[in-house]
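Next come the chains, spelled out residue by residue.
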Amino acid sequence: MLLLRALTDLASSHPRVPGPLPAPREAWELLIKAERRSPSSAEQLLLHPQVGAWLSRCLRRLRGVEGEPADEVPLWLETGYLHTVAASAALLAGIDFRIAVGVRDGGVMLPALGFVELAGCDSPVAEISADGGCERAVRAGSHTVSLPSDLTRDVKGWHPLRRLHGRHPVHPCSPYLDDLDPYRDFLRPTAPVRLSEPEARRWQEHFDRAWGLVARQGNVDPAGVADCLISVVPVRYPARTEPFSASSPEAYGCVLVNPPTDSAILAASLIHEAQHVKLSALLDLVPLIHGGLEEIHYAPWRVDPRPLRGLLHGVYAFLGVTAFWQAHRHVAADETMRTVAEFEFALRRSQTSHGLRTLRAHAELTALGDRFLRGLEERLAVWLTEPVPEVPLRAAEDLNLDHQVLYRLHHLSVDPGRTGQWVRAWRMGRPAPDTLPTTVLRASRTAVVARPALIRLRLRDPAGFALLREKPEEPPFDGMAAPLRADLDWAAGDTAAALRGYRDRLAERPDDLPAWSGLALTLPAGPAKDALLDCPEVVLAVHRALRAPVYGGPDPVALAHWIGTRR
C-alpha cells in the first residue's frame, strides 16, 4: 500500500503521466472502494507477485533510476497497470465501476485474473465496466469482450490464468501457471505467450508429481513451501549446466522455471526458490547481516563473484536443496535415481558447507544473524557425516574442484610486475620462486562448461550418454555447442584419454580456460596437479608471459610441475 501510494503521488505530478488514461488517483480511489467492500480482494491483488514486480520497476522509472530504451513501453502505459490492478480488485469485490485502462500486447491484462484479447484493435485505451454484477465487459473501439461470471472459465476473448494443482491430502499447493502477465518474468517485461493445452497438461503432470515429492519429504516444511509459491512462470532460458529457476524479493511468491523434464529436479527447484522467498521475507523484518554488499566472494554455485548477502541467500537456498536430496535418496524409485540423488546430495552439502565457512570468516552478523547461521550449521553438520557411495561422491568432488579452478582462472588476475621474476627463473633453469605473486579480483565473462551437464547425463541416462559419445556433434543441451571429446572422455571416467585431449586442446588454444581446468582434473597426483588446483591463475599468467609469437608457450604440464615444486 505504501508503494502504491508513493507511485500514485509520483505519477500524479509526472509530465508524461497519465497520457490518455484517467489520473492515477482515480484508480487509487477505485482500489480503496474495492477494499472497503472486500478487504480480501484488495489483499489478493496487493500480494500478487506480478504487482510487486511492476511496482518496483515502475517506481524506478518514475524516479529516473532506470534508463529509457527505445523499445520501452510508454511510461503512461506502464503506470497505467495501476488501473488494471484496481479493475481486478473491483471485479473480485463485485462492485459496480467503470474505468479506462491501457491496451498492451494486443489486449488488457487483469492482474491475478486473466487476459482480455483484443485482436486487431488499434485503440490505445479500453474501458472496463461492471453493472449490477451481471454485465461485465471490456470495450475498445468496435471490440467488446464480455467477461464470464466465472472468471476462471475460458471463453472467446477471455483467457484466465490457469492454476497448477499439487494434490496432497494434507499439504496441497495450487499456484498460478502464469503465461500472460507482462510482469510475470521479473527479469524483463514479456508479452503473453499462451501455453497450448498439451503444454499446460505436461506442466500439470510434472508439477503434480514434483509436489508429491515435496510433500512426502520431512526435512523441509511442505506447508511453508506451498505458502511461498503463488505464481509459477514458464520461461525458456538456456539451462546449459543446471536447471534454470529464479525468484525475486520484489515479486514475493513468484518462481521462474524452465519447462520441466524431471519431477525430482522440479521439486528441488521449487524448494530452492521457496527458501529464497522465505529468507527475503525474513530480511524485510529483521537484519541478519551488516554491510556485505561488495561482490568479491567465491560462491560455489555461481560463476561470478558474489556479495555476502548473496552468499547468505545461497546458503539458505541450497540447505533446502540438500535437505530434499538427503530425503529423496532414501525413497528414489530405482537405482539410477538413487545414484542421481546421492550425487546431488553430496554436491549441494559441500557447496553449502563452503558458503557457510565464508560467511563465518567474513560476515558481520547481527545477534539474530549469528543465531540463524548456527541453526543452519547444526542441520548441515549431521548430513556432512553421512556416507555417500564412491561414484556419485567422486563426481561431486570433481565438479566442485572444477568450479573452483575455473573461478580462479576467470576472475583472479596476477600482478604483472611479479610475473617477470617467474619468467626469468624459468628461462634460466632456476627453481620457481618461493612466494606466489599477488592477485586481484577482476570479474570477467565466464565460459560455458559442459562437464556438469555431462556428469548429470551419465548418471541419469547412461544409454543417452553412450549415444552422445558416439555422436558428439548432436548435444542434448539447449544453447550449448557440441562438447569436447576430452570432456566426454572425462565424464566417462577415461582420464588418460581426457588428459591427452586437454593437452591437445591447449596446444591449439592455449587460452582455453575450461581446458586448463580439465587438465587439473585429469593429471595424476603430484606437483603439476597441486599447482593447477591451488594457484591455476599463476600457472596461466606465467604461461602467457612465456609464449613466443612463433613458437608458442612451454608445455603446460611441465610448467605446472615446475611451479608445484617451489618451496
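Refer to the structure printed above.
Bear in mind the structure is a predicted one, so any value in this text is a computation, not a measurement.

Let us now look at helix 22 (residues 556–564). By the burial criterion, the buried members of helix 22 are Pro556, Val557, Leu559, Ala560, Trp562 and Ile563. In this structure, the buried side of helix 22 is in contact with helix 14 (416–427), helix 18 (495–508), helix 19 (513–522), helix 20 (527–534) and helix 21 (536–546).

Counting 110 residues, the largest nonpolar core has Trp211, Trp325, Leu519 and Ile563 as its most contacted members. Counting residues per element, this core draws most heavily on helix 10 (residues 308–328), which supplies 11 residues. Among residues more than four places away in sequence, those in contact with Trp325 are Ala264, Ile265, Ala268, Ala341, Glu344 and Phe345. Tyr81, Phe97, Val138 and Leu147 belong to the second largest nonpolar core, which has 61 residues in total.

Counted by the stated rule, this structure contains 33 salt bridges. When the shortest N-O distance is used, the salt bridge between Arg57 and Glu72 registers 2.2 Å. One end of the pair, Arg57, is in helix 4 (residues 49–62); the other, Glu72, is in the loop between helix 4 and helix 5 (75–79), with 15 residues separating them in the sequence. The class for Arg57 is buried, based on a relative accessible area of 13%. Across the pair Asp489 and Arg469 runs a salt bridge, and its minimum N-O distance is 2.7 Å. Remark: Arg469 occurs in helix 16 (residues 462–470) and Asp489 occurs in helix 17 (residues 485–492); sequence separation between them is 20 residues. Since its relative accessible area comes to 8%, Asp489 is described here as buried. What emerges from the salt-bridge pattern is a single network uniting Asp154, Arg162, Asp179, Arg194 and Glu197.

This part takes up helix 11 (residues 335–362). Within an α-helix, residues lying three or four positions from one another point in the same direction, as the helix has 3.6 residues per turn. The end-to-end C-alpha distance of helix 11, which contains 28 residues, comes to 41 Å, matching closely the 40 Å that a straight helix rising 1.5 Å per residue would cover. Its side-chain oxygen 3.1 Å from the backbone nitrogen of Thr336, Asp334 forms the N-cap of helix 11.

This paragraph deals with the state of the cysteines. This structure, assessed with the given rule, holds 0 disulfides. Not engaged in a disulfide, the cysteine Cys254 finds its nearest cysteine sulfur in Cys228; these two sulfurs lie 13 Å apart. Assessed through its relative accessible area of 1%, Cys254 is described here as buried.

Turning our eyes to something else, we now look at the environment of Ile32. Counting through the fold element by element, Ile32 comes out in helix 2 (residues 24–37). You can call Ile32 partly exposed: its relative accessible area is 23%. As a C-alpha pair, Ile32 and Ala90 span 58 residues in sequence and 9.3 Å in three-dimensional space.

A few words on the packing of aromatic side chains. Inspection of the entire model under this criterion finds 10 aromatic pairs. Aromatic side chains Phe324 and Trp325 sit 5.0 Å apart centroid to centroid with 70° between the ring planes, which places their arrangement in the edge-to-face category. Of the two residues, Phe324 and Trp325, neither departs from the other in class, the shared state being buried. An angle of 90° between the planes, with centres 6.0 Å apart, marks the rings of Trp422 and Trp562 as edge-to-face. On the criterion of sequence distance, the pair formed by Trp422 in helix 14 and Trp562 in helix 22 is long-range, its members being 140 residues apart. Residues Trp422 and Trp562 agree in their burial class; the two are buried. One aromatic cluster is present, formed by Trp54, Tyr81 and Tyr183 through successive ring pairs.

When you line up the elements, Lys156 lands in the loop between strand 6 (143–146) and strand 7 (158–160). Take Lys156: its relative accessible area is 81%, and that puts it in the exposed class. Distance from Lys156 to Val388, taken between C-alpha atoms, is 56 Å for residues 232 residues apart in sequence.

The subject of this paragraph is the sheet that holds strand 2 (residues 107–110). Taking strand neighbours across the sheet as the criterion, the 3 strands line up as 2-3-7 in an open arrangement whose pairing is antiparallel. Looking at the sheet topology across the chains shown, the edges are occupied by strand 2 and strand 7. Each strand of the sheet is rotated relative to its neighbour by a mean of 15°, with strand direction disregarded. Bridge analysis of strand 2 against strand 3 (residues 114–117) gives 4 bridges, and the strand direction is antiparallel. Bridge pairing links Gly107 to Glu117 in strand 3.

A two-sided burial pattern is seen for strand 10 (residues 231–234), the buried positions comprising Ser231 and Val233 on one face and Val232 and Pro234 on the other. In the sheet, strand 9 (residues 176–177) pairs with strand 10 via 2 bridges, with the strands oriented parallel. Note on strand 10: the bridge partner recorded for Leu177 is Val232. Inspection of the sheet shows strand 10 paired to strand 12 (residues 254–257) by 4 bridges, in the parallel sense. Looking at the pairing, Ser231 lines up with Cys254 of strand 12.

Thresholds applied
Residues numbered from 1 in each chain as written. Predicted model: local features only at pLDDT ≥ 70, side-chain atom pairs only at ≥ 80, totals over all residues. Heavy atoms only, no water. Buried < 20%, exposed > 50% of the residue type's maximum accessible area, 1.4 Å probe, protein only. Helix = DSSP H or I, 4+ residues; strand = E, 2+ residues; numbered from the N terminus. Contact = heavy atoms within 4.5 Å. Core = buried A, V, L, I, M, F, W, Y, C linked by side-chain atoms within 4.5 Å. Salt bridge = Lys/Arg side-chain N within 4 Å of Asp/Glu carboxyl O. Expected span 1.5 Å × (residues − 1). Polar contact = N/O pair within 3.5 Å; in protein donor to acceptor, adjacent residues only side chain to side chain. Disulfide = S-S within 2.5 Å. Phe/Tyr/Trp six-rings, centres within 6.5 Å; stacked < 30°, edge-to-face > 60°. Pairing = 2+ DSSP bridges. Axes fitted to C-alpha atoms, helices over the stretch in contact; angles between N-to-C directions.

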